[in-house]
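These are the residues of each chain, in order.
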Amino acid sequence: MFLKPFRVKTKTSVKSSDRKKLRSDIQQSFPSLTEEDVLKLLPQKEEMTLVKINTHADENIVVYTVGKNPLFFENFKILYPTVYTLWQFPEILQAFRTWPPVYEKLQKGADLMLPGVVPDNEPSPKMFGKLQKGDLVSIKIAGNKSPVAIGKALLSGEDMYMSAMRGKGVSVLHIMGDTLWEMGDKSRPPMIPETLPNSYCEEEVENTKTTEETDQSENTIDNAISDLKMEETEARGACSCGETSQNDVLDESDEERNPTEQMDDLLNFCFACALKSKIKKNDLPLLTGNLLRNYMQPFSGGKQLDLKKSSFKKLSKFLQSKVNDGYIVVKEQSKGVDVITEIDKTHPGVRDIQVPDIVEAAEAISEETNEDGSYQPLTFTDVYLVNAATLDLFKESGICKGDALQISDVRQHVINYIKTNNLQKEDNPKLVTLDPILAHIILKPVEGDLDQMNWEQVINRVVGKMQAGVAISSGSRPPTIKKTKIEPIKLEVVMRASQKKVTIVDNLEEYGLDLRVFSKLVQKSVACSCTIVTPEQKNKGPQVHVQGNQVNFVYNLLTEKYKIPKRYVTGLENAPKQKKR
C-alpha cells in the first residue's frame, strides 16, 4: 500500500473532541489496550495531526500522527496501527514469525507465504487460535518480538492448517522501510529477544538471547532497508543483471517486481500525467524527441526515465504502443522526424489518472526561481560514446554500448586494458603489442599485420573510432547526451506588418531549456511581448518570438546567465548597430 510515494492532500490539527472520539475508536478496535495505554499513545498535551493522503493506487487514506510519527492510518473507516505503535504495544495483534530473508522479500512487495511462517510449535488445527480470514495481524522477524509489518490474514487459522501450510498467508499493508515509515523519524524496532521453537533450531536454543543474535537481527533490517534504497537510486545506464533464485517460501507471481516492469509502469504513469496536465494544444505538433525529457521526466518523482531498462527499449516502440491504444496520433513530419499531432485527453487512462500535486508545485517553484534570476547554468562536456566497433575493448570494465565517456576516461580505460593484458613491451615501454581486439579496432586495412604501436597512437585511434557527442547537464539532473551534431541556437530578426521587427529564437529545446520560463523571463526583463510559436515548416520545433530587435539581450542571456558556449549561439550580427556619436 505504501511501497510507492504518496501525495499529501491536506494536513490539519486534531481537535480535542475528535481526539476523544479517536481514543474511543482505538479501544473498540483493539480491546487489549487500556485507557492508560491509549493515553500513552495519544497524550493530551502532545500535538496531533490528521493527514489526508492519496496513494499511488489512488486510495484515500487518513493518517494520524503524534509528534513526528504516524501512529494509525484509516481506510474505509477501519483503523490500522503503524509499526511505530506496534513497537510500543507489540501484543495487540496476533503475530506471524518469519525468517530474515523472507522479510527482505516482503519489503519489495511480496505477500507472506505460509511456508515462510515459523509457528510456535508443531502445526496443529489450533495453532492460530480463532484467527479468521481478513483479521489484522503483525509480522515479526525470528528472534525479536517487535513487529516489522502489518497485514491481513488471507485464510482462517483452520484453513491454514488444512492447506498444509502452503499458499498465501498474509497480505502486507504496511512494512518498515516503506513511505509511511519514512513519514516518521525512521527509527528501528526495539530488540525484545524471544526463544525460537525447539523444532526449528535445536542446536541454537541456547544462543537465541545473545547479543550477537541481537546485532544480527538489527543488521538484517538495516541491510534490507539499505538495499531497497539502493535499488530506487540505481545509477542510470548501469549494466548489471541480477539472478533471482526460486524460493518455495514465496509464490513466483508475488516475488519482487522485475525492474523492467517497474520502468514500464513509471513510463506509462509519466506519459499519462504529461498528457493530462503538461501538454497543451499550442504545444502541438510536438517533436517526439522532446516528449521524454521535457514533458514526462518531471512526473517521475526524481527517478531517471530510461527506455533501455524498459520492455520497449526504443522511444518509437513506446510511442507506437500509445498510438495503438488510442492515446495519441503520430505522423512523420520529414524523414526521420516524427511529431505528435493529436492527443486524447478523454482516454480513460488519462482521464482517471491522479497527477501528483507535489510535482506541479515543484515545477512552479522552479519557474519562479528562474524568473527571479536564480538560474541553473548548463554545462557542456565533450564525450565519446562506446559503439559496436569499440565495445569489446570496454565491456570487461562493465561498460555498455551507448555509454558516454570523457576523453580522460577513455584514456584511462585503454591504459588499464593494456596493463591488465600485459601488452606493454618490456624492451620498449613506449610501444604496445596489439592483441586481436586492439588490432581489429585500430588497424587500417593497408597496415596489414602490424603488431605494435606507440601509446598515443593507440589511444587516439580508439577515440577516433568512437562516436563523438556532447553531454548537456543542469544542476543535479542527469546529463542529456547528444549523439549527433548539435544545431546552434539561431537568432533572427524579421520584419512584420507595419514595419515592426520581431526577434525569432530557434532551437532552444535542443538545449533542454523550458520555453515558457524563458519567454516569461524575456518578457519581464525587456517589457515587451514574447510568445511561443510552432512553425508550419517541416522539421521545425517551437520558437520564441520577441517583439522588437532584442538580439543583444537574448544573446547575453543565453551566454552569460545560462552559460551556453558562444559557439552554440548564432545571429549576433543581426543585433542593432550602435549609432555613432
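Residues numbered from 1 in each chain as written. Predicted model: local features only at pLDDT ≥ 70, side-chain atom pairs only at ≥ 80, totals over all residues. Heavy atoms only, no water.

An unreviewed UniProt entry lists the protein under the name Eukaryotic translation initiation factor 2D-like isoform X2, with Biomphalaria glabrata given as the organism. According to the UniProt record, the Sequence similarities (unreviewed entry) comment for the protein reads "Belongs to the eIF2D family." (UniProt positions renumbered as here; feature names shortened; annotations may be inferred.)

1. Looking at the pairing of strand β8 (residues 136–141)
Among the six residues that make up β8, six are buried, leaving the element largely enclosed by the rest of the structure. Across the two faces of β8 the burial is the same, with Leu136, Ser138 and Lys140 and Val137, Ile139 and Ile141 all buried. Relative to β8, strand β6 (residues 94–98) is paired through five bridges, and the arrangement is parallel. Within β8, the position partnered with Gln94 by the bridge is Val137. Pairing between β8 and strand β9 (residues 147–153): five bridges, direction antiparallel. (Buried < 20%, exposed > 50% of the residue type's maximum accessible area, 1.4 Å probe, protein only. Helix = DSSP H or I, 4+ residues; strand = E, 2+ residues; numbered from the N terminus. Pairing = 2+ DSSP bridges.)

2. Side note on the packing of helix α17 (residues 515–526) against helix α18 (residues 551–561)
Here α17 crosses α18 at 125°, and the two axes come no closer than 12 Å. With respect to α18, the element α17 is oriented oblique. Helix-helix and strand crossings are classified by hand; for α17 and α18 the assignment is right-handed. Along the contact surface, α17 presents Phe518, Leu521, Val522, Ser525 and Val526, while α18 presents Phe553, Val554, Leu557 and Leu558. Here the contact of α17 with α18 is composed, by residue class, of eight nonpolar, one polar and no charged. (Axes fitted to C-alpha atoms, helices over the stretch in contact; angles between N-to-C directions. Parallel < 35°, antiparallel > 145°, perpendicular 65-115°, else oblique. Left-handed = near helix turned anticlockwise from the far one by under 90°. Contact = heavy atoms within 4.5 Å. Nonpolar A, V, L, I, M, F, W, Y, C, P; charged D, E, K, R; others polar.)

3. Quick look at the sheet that holds β6
With mixed pairing, five strands are arranged side by side in an open sheet as β6-β8-β9-β10-β7. Taken across any chain shown, the strands that pair with only one partner, and hence form the sheet edges, are β6 and β7 (112–113).

4. A word on the nonpolar core
Among the nonpolar cores identified, the biggest contains 56 residues, and Ile26, Phe30 and Tyr64 are the most heavily contacted of them. If you tally residues by element for this core, the top one is strand β3 (residues 60–66), at five residues. In this view, Tyr64 contacts Val14, Leu22, Met48, Thr49, Leu50, Asn69, Pro70, Leu71, Phe72, Glu74 and Leu79; residues no more than four positions away in its chain are not counted. (Core = buried A, V, L, I, M, F, W, Y, C linked by side-chain atoms within 4.5 Å.)

5. Some words on the side chain of Asp435
Counting through the fold element by element, Asp435 comes out in the loop between β16 (431–433) and α15 (436–442). Buried charge without a salt bridge: Asp435, with Lys395 as the nearest opposite-charge side chain at an N-O distance of 12 Å. Separated by 2.9 Å, the side chain of Asp435 and the backbone nitrogen of Leu438 make a polar contact. Residue contacts for Asp435: discarding those within four places in its chain leaves Tyr417 and Leu423. (Lys, Arg positive; Asp, Glu negative; His and termini not counted. Salt bridge = Lys/Arg side-chain N within 4 Å of Asp/Glu carboxyl O. Polar contact = N/O pair within 3.5 Å; in protein donor to acceptor, adjacent residues only side chain to side chain.)

6. Considerations on helix α10 (residues 315–324)
Buried residues of α10: Phe318, Leu319, Ser321 and Lys322, and no others. Seen along its axis, α10 keeps its buried residues to an arc of 155°; they face one direction. Facing away from the buried surface of α10 by more than 90 degrees, the exposed residues are Lys317 and Asn324. Following α10 by one or two positions, Gly326 adopts a phi angle in the positive range, close to 90°. (Arc of directions from axis to C-beta.)

7. Let's talk about the confidence of the model for the protein
In this model, the protein carries a mean pLDDT of 79, and residues with pLDDT of at least 70 account for 80%. Confidence over residues 199–218 falls short of pLDDT 50; this stretch has 21 contacts with residues more than four positions distant or in other chains. Counted against residues more than four places away or in other chains, residues 224–256, with its pLDDT under 50, gives 55 contacts. (pLDDT = per-residue confidence, 0-100.)

8. Structural notes on the packing of aromatic side chains
Considering all chains together, one arrives at nine aromatic pairs under this definition. For the ring pair Phe2 and Phe6, a centre distance of 6.4 Å and an interplane angle of 80° mean the geometry is edge-to-face. Side by side, Phe2 and Phe6 carry an identical accessibility label, which is buried. Each ring, one from Tyr84 and one from Trp87, has its centre 5.3 Å from the other, and the planes form 70°; the classification is edge-to-face. Here the residue Tyr84 and the residue Trp87 both occupy positions in helix α3 (residues 83–88), the gap between them amounting to three residues, near one helical turn. Among the aromatic residues, ring-to-ring pairing joins Phe2, Phe6, Phe73 and Tyr80 into one connected group. (Phe/Tyr/Trp six-rings, centres within 6.5 Å; stacked < 30°, edge-to-face > 60°.)

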